[in-house]
Amino acid sequence: MKDDTGVALARPVALGDLVPRPTTPVEKAAIIVRLLLSEGASLPLSALPEGHQARLAEQMARMGLVDRATMAAVVEEFLAALDAAGLSFPEGLDGALSLIDGHISANVASRLRRMADSTARADPWERIGALSAEELLPLLAEEAAETAAVALSTLPVGRAAEVLALMPGDRARRVALAMARTGGIAPDTLRRIGRSLVAQLEARPERAFAAGPVDRMGAILNVSPSATREEVLAGLEEEDRGFAEQVRKAIFTFAHIPARVAPRDLPRVLRAVEPGVLVTALVAAQADEALAGVVEAIFAALSPRMVQQFRDEMEGRAVPPAKDADAAFAAVVSAVRQLEAAGEIAMKREE
């Protein structure tokens, strides 16, 4: 091409005229990461091994300018690899265990955890972070306040708050004060503390029952006739008052509905109970002076139309025998427990 004076002009370079330069796998990774970050993508690069993170950062520092043809070739190869992928398996034994845990026996899972925790790449705090507040409390009970403060620092804020709330007041204060002494902790020290806690977890003997004795006894008494329940509790108080008090707190009966179930959840509970059984429970409760307040609390959470419908069905009904009343109360309690287990409602904790 020439201009009006006859001087030759440079022809624009088309993308097809450029030849992609050879790139190493690390360079390709750097190009893809740079491109995704420029598009505002959030990449979990911290999940990579630290050595890979450092190598990627060093390569990005050396890349300089990448021509369009090379970038296009890398992107095309990357997309082709994604399109050809079928299944993705987690890397390492710890990742594989997280995938199949719950589908294999407890003994095999425990052995695999010990093997995974012994590898250099395993992060012990992932294992600890998966524990509930109730499981973490005894694990940290005998540890130094500084160790407990370090452990709380690695947990999500909500979980750490739950654990702190379960600690005795004096212990919670000492752990809070120890938090000020954890500012200079090194990564290697953090890993060693995590490995020590995991070793304590693995040293615990396997339990035959998933639930503790208090929860098991409470679950049995929940569905027992009221006369049997009170008789058993009276006997427990004579033999072991502390255990009896814990069992009482674990028990949830029809009488506990106003205190433990939020009014907004009551309609959902009632829908989960067979209508005839529900009416039997309401009639029996209304005839019992100690339970009449439960009926009023239930009605207060319902619409006036539903309340009138229940009153119409209850009118003229004879008070059911104690056996039928207990069965109806147990059905309502069972509905509450099932909805709580499914995560559809959240019961209030008894102080």
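Preceding this section is the structure that the text describes.
What comes next concerns the included structure. (Residues numbered from 1 in each chain as written. Predicted model: local features only at pLDDT ≥ 70, side-chain atom pairs only at ≥ 80, totals over all residues. Heavy atoms only, no water.)

## Some words on the environment of Pro267
- By secondary structure assignment, the location of Pro267 is in helix α16 (residues 266-271).
- Remark: the alpha-carbon pair of Pro267 and Phe299, spanning 32 residues in sequence, is separated by 9.6 Å.
- In this structure Pro267 touches Ala301 and Leu302, once residues within four positions along its chain are discounted. (Helix = DSSP H or I, 4+ residues; strand = E, 2+ residues; numbered from the N terminus. Contact = heavy atoms within 4.5 Å.)

## So, the packing of aromatic side chains
- This structure, assessed with the given rule, holds two aromatic pairs.
- With a centroid separation of 4.6 Å and an interplanar angle of 25°, the aromatic rings of Phe254 and Phe329 are classed as stacked. Of this pair, Phe254 sits in the loop between α14 (241-250) and α15 (257-260) while Phe329 sits in helix α20 (residues 322-341), and the two are 75 residues apart along the sequence.
- Owing to a relative accessible area of 3%, Phe254 belongs among the buried residues under this scheme.
- The class for Phe329 is buried, based on a relative accessible area of 13%. (Phe/Tyr/Trp six-rings, centres within 6.5 Å; stacked < 30°, edge-to-face > 60°. Buried < 20%, exposed > 50% of the residue type's maximum accessible area, 1.4 Å probe, protein only.)

## A few points about the packing of helix α17 (residues 275-287) against helix α18 (residues 292-300)
- Between α17 and α18, the least distance of the axes is 6 Å, while the angle of their chain directions is 130°. Taken together, the axes of α17 and α18 are oblique relative to one another. Contacts between α17 and α18 involve Leu282, Ala285 and Gln286 from the first element and Ala292, Val295, Ile298 and Phe299 from the second. (Axes fitted to C-alpha atoms, helices over the stretch in contact; angles between N-to-C directions. Parallel < 35°, antiparallel > 145°, perpendicular 65-115°, else oblique.)

## Brief notes about the pattern of salt bridges
- A full pass over the atoms with the stated rule returns nine salt bridges.
- Across the pair Arg21 and Glu27 runs a salt bridge, and its minimum N-O distance is 3.9 Å.
- You can call Arg21 partly exposed: its relative accessible area is 31%.
- Since its relative accessible area comes to 15%, Glu27 is described here as buried.
- The shortest N-O distance in the salt bridge between Arg311 and Glu296 comes to 4.0 Å. With Arg311 in helix α19 (residues 304-314) and Glu296 in helix α18, this pair connects stretches of sequence that are 15 residues apart.
- Salt bridges sharing common partners tie together Asp170, Arg173 and Arg174. (Salt bridge = Lys/Arg side-chain N within 4 Å of Asp/Glu carboxyl O.)

## Side note on the nonpolar core
- Counting residues in hydrophobic clusters, the biggest one holds 34 residues, and the most contacted among them are Phe254, Ile298, Phe299 and Phe310.
- Looking at this core, the elements with two or more residues in it are α16, α17, α18, α19 and α20.
- A per-element tally of this core places α20 first, with eight residues.
- Excluding residues within four positions of it along the chain, Ile298 makes contact with Phe254, Leu266, Leu270 and Leu282.
- In this structure, Leu140, Val150, Leu155 and Leu201 belong to the second largest nonpolar core, which totals 24 residues. (Core = buried A, V, L, I, M, F, W, Y, C linked by side-chain atoms within 4.5 Å.)

## Some words on a nonpolar patch on the surface
- The grouping of Leu87, Phe89, Leu99 and Ile100 at the surface amounts to a nonpolar patch, some 480 Å² of accessible area in total.
- Checked against the element boundaries, Leu99 lands in helix α4 (residues 92-100). (Patch = residues over 30% accessible without salt bridge, like charges linked within 9 Å, V, L, I, M, F, W, Y side chains within 5 Å. Areas by Shrake-Rupley, 256 points an atom, 1.4 Å probe, with all protein chains shown as cover.)

## Digging into helix α10 (residues 169-178)
- Along α10, the positions that sit buried rather than exposed are Arg171, Ala172, Val175 and Ala178. Taken down its axis, α10 places every buried residue within 125° of arc, on the same side. Structural note: α10 exposes Arg173 and Leu177 on the side pointing more than 90 degrees away from its buried face.
- Where α10 is buried, its residues touch α7 (133-141), α8 (145-154) and α9 (157-166). (Arc of directions from axis to C-beta.)

## Quick notes on helix α12 (residues 213-222)
- Inspection of α12 places Val214, Gly218, Leu221 and Asn222 among the buried residues, and these make up the whole buried set. Down the axis of α12, the buried side of the element spans an arc of 105°, and every buried residue falls inside it.
- Of the surrounding secondary structure, the elements contacted by the buried residues of α12 are α13 (226-239), α14 and α20.

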